[in-house]
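Structure at a glance
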Amino acid sequence: MTISCIIAEDEPLAMERTKSYVQKLPYLQLLATFDNAMDALLFVKDNPLQLIFLDINMGDFSGIQLLETKSIQSEVIIITAYHEYALKGYELNVTDYLLKPYTFERFIQAVEKVQQKLTNQNVVADKKIVFIKTAYRLEQLLLSDVLYIEGMRDYRKIVTLNKAPIMTLQTFSSLELEMPARLICRVHKSYMVSLDKIESVEKDTIRIQQQLIPISETYKKIFFELINKMS
């Protein structure tokens, strides 16, 4: 698997170290390097990539601020000299955290975590069926049959085209891991929808058959990016 990446780092020596490590791994494809987070942000908005090596302290616009823009869809490995940024980085769902000065062996460990995540994502993306835990059994679910999933207190109700709704105690987080977002995505704390079953979207409301489903602010950007890709 080839992993496309960029480096955002404002210390010249640190940049050269990271760049040299990247070049030692033939499956890493370095697209660009940046000495500030703003230029990196402009690049990722127009260029699909899989990984960012990101320094935290870069002038007026930091690596943390870049992550907080929610524009970053790729995996991120944070690179910094400060321990205190580790917790903040994981809160922003980065893949790993490299503390300067780091060894080539530690760098490889971080990249291998990215490889594993991307491999798992590809497996999920190719899925056609999943098995859902109900009260008494594992029930096979054809993903193309799903209309939407609704949260009902402790349960999730999976509404489909061809069978009665399936009730499960599996959490939305668990279901999101099993179902490819290009098919079925979260749009609200209480809803997931099948993108190809949407009949209309008006303002912040989705219609699927007779069901009106709200789109919350948290999921709005990703949802509209997904449906734009389908157009």
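The following paragraphs examine the structure supplied in this document.

Parameters at a glance
- Every chain's residues receive numbers from 1 upward, in the order its sequence appears when written.
- Where local features are concerned, this predicted model is filtered to residues with pLDDT of at least 70; where side-chain atom pairs are given and counted, the filter is 80 or more; whole-chain, interface and lining totals use all residues.
- Excluding hydrogens and water, the side-chain figures rest on all heavy atoms present in the structure.
- We count a salt bridge whenever a side-chain nitrogen from Lys or Arg sits within 4 Å of a carboxyl oxygen from Asp or Glu.
- Secondary structure counts use DSSP, requiring at least four H or I residues in a row for a helix and at least two E residues in a row for a strand, with both numbered from the N terminus.
- Exposed residues in this analysis have more than 50% of their type's maximum accessible area, buried residues have under 20%, and partly exposed residues fall in between, with area computed by a 1.4 Å probe over protein chains only.
- Two strands qualify as a pair provided that DSSP identifies no fewer than 2 bridges between them.
- Axis lines are fitted through C-alpha atoms, for helices just across the contact stretch, and the angle between N-to-C directions can take any value from 0 to 180 degrees.
- Note on definitions: a residue-residue contact is assigned when non-hydrogen atoms from the two residues lie within 4.5 Å.
- Note on handedness: a clockwise path from strand one over the helix to strand two, with the strands aimed away from the viewer, defines a right-handed crossover.
- Pairs were defined over the aromatic rings of Phe, Tyr and Trp, the Trp ring being its six-membered one, requiring ring centres within 6.5 Å. Orientation was assigned from the angle between planes: stacked under 30 degrees, edge-to-face over 60, tilted for the rest.
- Lysine and arginine charges are scored as sitting over a ring when NZ or CZ, respectively, is within 6 Å of the ring centre and within 35 degrees of the ring normal.

Side-chain pairs of opposite charge can arise where the charged atoms are in close proximity. One pass over the structure, following the stated rule, counts 14 salt bridges. The shortest N-O distance in the salt bridge between Glu9 and Lys100 comes to 3.1 Å. Taken together, the residues Glu9 in the loop between β1 (3-8) and α1 (12-24) and Lys100 in the loop between β5 (96-99) and α5 (104-125) connect sequence positions 91 residues apart. Both residues of the pair, Glu9 and Lys100, count as buried. Here Asp96 and Arg106 are joined by a salt bridge, their closest N and O atoms 2.9 Å apart. Here Asp96 is found in strand β5, whereas its partner Arg106 is found in helix α5, with 10 residues between them in sequence.

Once that is clear, we can look at the sheet that holds strand β10 (residues 166-168). Read across the sheet, five strands follow the order β10-β9-β8-β12-β11 without closing on themselves; strand pairing throughout is antiparallel. Strand pairing shows two members of the sheet lacking a second neighbour, β10 and β11 (184-188), which therefore form its edges. Direction aside, the axes of adjacent strands within the sheet are offset by 20° on average. Pairing of strand β8 (residues 146-152) with strand β12 (residues 191-194) involves three bridges; the strand directions are antiparallel. In the strand pairing of β12, Tyr148 is matched with Val193. The strands touched by helix α7 (residues 217-230) within the sheet are β11 and β12, with β11 carrying the most contacts at an inclination of about 145°.

Here the focus is the pairing of β1. Burial runs high along β1: six of the six residues are buried. In β1, alternate side chains face the same way, and those of Ile3, Cys5 and Ile7 on one face and Ser4, Ile6 and Ala8 on the other are all buried. With six bridges joining them, β1 and strand β2 (residues 28-34) adopt parallel strand pairing. Paired with Ile6 across the bridge in β2 is Ala32. Running through α1, the crossover from β1 to the neighbouring parallel element β2 is right-handed. The pairing of β1 with strand β3 (residues 51-55) spans four bridges and is parallel. From the neighbouring strand, Ile6 faces β3, where its bridge partner is Ile52.

The next subject is the packing of aromatic side chains. Counting across every chain of the model gives eight aromatic pairs. Aromatic pair Tyr102 and Phe107: ring centres 6.4 Å apart, planes at 15°, arrangement stacked. For the pair formed by Tyr102 and Phe107, the shared burial category is buried. Among the aromatic residues, those joined into a cluster by ring pairs are Tyr21, Phe53, Tyr102, Phe104 and Phe107. Here Lys24 stacks its cationic end above the ring of Phe104, 4.9 Å away from the centre of that ring. It is Arg156 that lies over the ring of Phe172; its NZ or CZ is 5.7 Å from the centre.

Turning to unusual backbone geometry, a few remarks are in order. Across the junction of Lys100 and Pro101, the peptide omega takes the value -10°, indicating a cis bond. Mapped onto the elements, Pro101 comes out in the loop between β5 and α5. A positive phi angle is found at Arg153, which is not glycine, with a value near 55°. Summarising the element assignment, Arg153 is placed in the loop between β8 and β9 (155-160). Under the relative-accessibility criterion, Arg153 is labelled exposed at 84%.

Below, the discussion takes up the sheet that holds β5. The strand order β2-β1-β3-β4-β5 describes an open sheet built from five strands, whose pairing is parallel. With one partner strand each, in any of the chains shown, β2 and β5 form the two edges of the open sheet. The average angle at which neighbouring strand axes cross in this sheet is 20°, direction not considered. In this fold helix α2 (residues 37-46) packs onto β1, β2 and β3, with an angle of close to 135° to the strand it touches most, β2.

Read these as geometric descriptors, not functional statements.
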